[in-house]
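Read off the chains here:
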Amino acid sequence: MSECREVLLRKHSRREFRDRMSSDELKACIVPIAAIEQHLEHLAMEHDWRSVTHVATAVAERLRPHVIVAEGLMAGVSEHHMKHPGTLTLSVGSFLSSLADIIDSMVRAGFSTILVLNGHGGNIVPCRSNWDQFLRRFQINLQFFSYWDVLTADDAKDLLTSGSNLPENLPGHAQEFETAMALHLFPENVRADAVDDQPDPTPSMATAETGSAFVDRIVDRVTAYLQDMIEGKKVVEIPPFHP
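The rules we used
Residues numbered from 1 in each chain as written. Predicted model: local features only at pLDDT ≥ 70, side-chain atom pairs only at ≥ 80, totals over all residues. Heavy atoms only, no water. Helix = DSSP H or I, 4+ residues; strand = E, 2+ residues; numbered from the N terminus. Rg over C-alpha atoms; globule rule 2.2 N^0.38 Å. Buried < 20%, exposed > 50% of the residue type's maximum accessible area, 1.4 Å probe, protein only. Contact = heavy atoms within 4.5 Å. Areas by Shrake-Rupley, 256 points an atom, 1.4 Å probe, with all protein chains shown as cover. Lys, Arg positive; Asp, Glu negative; His and termini not counted. Charge placed at Lys NZ, Arg CZ, Asp CG, Glu CD. Salt bridge = Lys/Arg side-chain N within 4 Å of Asp/Glu carboxyl O. Pairing = 2+ DSSP bridges. Axes fitted to C-alpha atoms, helices over the stretch in contact; angles between N-to-C directions. Phe/Tyr/Trp six-rings, centres within 6.5 Å; stacked < 30°, edge-to-face > 60°. Core = buried A, V, L, I, M, F, W, Y, C linked by side-chain atoms within 4.5 Å.

(A) How the structure looks around the overall build of the chain. When you go through the chain residue by residue, the secondary structure sums to eight helices and four strands. The order of helices and strands in the chain, counted from the N terminus, is α-β-α-β-α-β-α-β-α-α-α-α. Relative to the compact-globule value of 18 Å for 243 residues, the chain shows a C-alpha radius of gyration of 18 Å, a close match. Within the chain, the proportion of its 243 residues that are buried is 52%. Within the chain, contacts between residues at least 6 apart in sequence are counted, and of these 74% link residues at least 24 apart. As displayed, the chain has an accessible area near 11300 Å², and 50% of this comes from carbon and sulfur atoms. The centroid of the 22 positive side-chain charges in the chain is displaced by 9 Å from the centroid of its 34 negative side-chain charges.

Shown next as structure tokens:
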């Protein structure tokens, strides 16, 4: 029996993964999805991916050894950002096909509880509009939400200086919320000289302390949600097939 307690799928050998599945140690899988795209002048393009993978990994570590993170889709639906060179985008069809293949791989590996955790706004409509089809196809407790969905207007009022409107201020795009996350989690990705050198003043309101507070709340709440999924307290209803 393997003693591996790694939370990232890619770090496992095939024996380690096989042993953990056969022992029923692994109960759930998180599939993070996001984007590689422009984040104004001051944030690195990997922001969405780094943020969602941090949350997914932190949640898996909280629930160790029962949760694994299956990274496999860094790019997302970002056509609306293609004015800015360097952004990567997938067509909706390519994105959904790739996501379905990753989910299928984990279902075939033996998982019946999978959380697709999103970190990019452009992925929401494609996923939401097709999720009933995914549920019919996979027939498991397969759920989708963005990591900021666990936050509320009260959280925004409590922590943000720039405003408390959802989704304009929370999550917004590369504004106070995301800049605060970056200052806390990966400050090397914040170009300090560019924060004030752009029309939008809200990134300059961000602090690492605010980012830390947001991350704590997000990880706490996503962890609780996934624990409920594992325990059967949050089970998605699979829509029926046409009679």
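That was the structure; now back to the text.
(B) The arrangement of the pattern of salt bridges in detail. As enumerated under the stated definition, the model contains 13 salt bridges in all. One salt bridge connects glutamate 71 with arginine 10, and the closest N-O pair in it is separated by 2.5 Å. Pair noted here: glutamate 71 is in the loop between strand 2 (67-69) and helix 3 (92-109) and arginine 10 is in the segment before helix 1 (14-22), with a separation of 61 residues, a long-range link. The partly exposed category is assigned to glutamate 71, whose relative accessible area is 25%. According to the relative accessible area criterion, arginine 10 is exposed, its value standing at 56%. In this structure, the salt-bridge partner of arginine 62 is aspartate 220, at a minimum N-O distance of 2.8 Å. Remark: aspartate 220 occurs in helix 8 (residues 208-230) and arginine 62 occurs in helix 2 (residues 47-62); sequence separation between them is 158 residues.

(C) Layout of the sheet that holds strand 3 (residues 113-118). Strand order in the open sheet formed by four strands is 2-1-3-4, with parallel pairing between adjacent strands. This sheet does not close on itself; its edge strands, each paired only once, are strand 2 and strand 4 (141-146). Strand-to-strand twist across the sheet, computed as the mean angle between neighbouring axes with direction ignored, equals 20°. Bridge analysis of strand 1 (residues 28-33) against strand 3 gives five bridges, and the strand direction is parallel. Each residue of the ladder has a partner; that of isoleucine 30, found in strand 3, is leucine 115. Together, strand 1, strand 2, strand 3 and strand 4 form the strand contacts of helix 8, whose direction differs from that of strand 3 by roughly 155°.

(D) Quick peek at helix 1. When we look at burial in helix 1, the residues that qualify are Phe17, Asp19, Arg20 and Met21. Where the residues of helix 1 are buried, they touch strand 2 and helix 3. Positive phi shows up at aspartate 24, right after helix 1, with a value of about 65°.

(E) View of the packing of aromatic side chains. This model, assessed by the stated rule, comprises seven aromatic pairs. Their ring planes at 50° and their centres at 6.4 Å tell us that phenylalanine 17 and phenylalanine 111 sit as a pair that is tilted. In this pair, phenylalanine 17 sits in helix 1 while phenylalanine 111 sits in the loop between helix 3 and strand 3, placing the two residues 94 residues apart along the sequence. Considered together, phenylalanine 17 and phenylalanine 111 belong to a single accessibility category, that of buried residues. Taken together, a centroid distance of 5.4 Å and an interplanar angle of 45° make the contact between tryptophan 131 and phenylalanine 144 tilted. With tryptophan 131 in helix 4 (residues 124-138) and phenylalanine 144 in strand 4, this pair connects stretches of sequence that are 13 residues apart. Members of the aromatic cluster, each reached through a chain of ring pairs, are Trp131, Phe134, Phe138 and Phe144.

(F) Spatial organisation of the nonpolar core. If you look at the biggest cluster of nonpolar residues, it comprises 43 residues, and the most contacted ones within it are Leu117, Tyr147, Phe177, Ile218, Val222 and Leu226. Mapped by element, the contributors of at least two residues to this core are strand 1, helix 2, strand 2, strand 3, helix 5 (153-159), helix 6 (176-185) and helix 8. Formed by 28 residues, the second largest nonpolar core is a distinct cluster that contains Val77, Ile102, Cys127 and Trp131.

(G) Just the environment of arginine 108, in detail. Relative to the helices and strands, arginine 108 resides in helix 3. Its relative accessible area of 69% is what places arginine 108 among the exposed residues.

(H) Fine view of unusual backbone geometry. Here the residue pair leucine 166 and proline 167 is connected by a cis peptide bond, since its omega of 5° sits within 30 degrees of zero. Its place among the elements puts proline 167 in the loop between helix 5 and helix 6. Following leucine 170, the chain continues to proline 171 via a peptide bond in cis, the omega torsion being 15°. Following the sequence through the fold, proline 171 ends up in the loop between helix 5 and helix 6. The backbone phi angle of aspartate 24 is positive, close to 65°, even though this residue is not glycine. Turning to its location among the elements, aspartate 24 is positioned in the loop between helix 1 and strand 1. A relative accessible area of 47% places aspartate 24 in the partly exposed class. Positive phi, close to 60°, is recorded for alanine 174, a residue that is not glycine. Note on placement: alanine 174 falls in the loop between helix 5 and helix 6.

Such coordinate-based values are descriptive only and should not be taken to indicate function.
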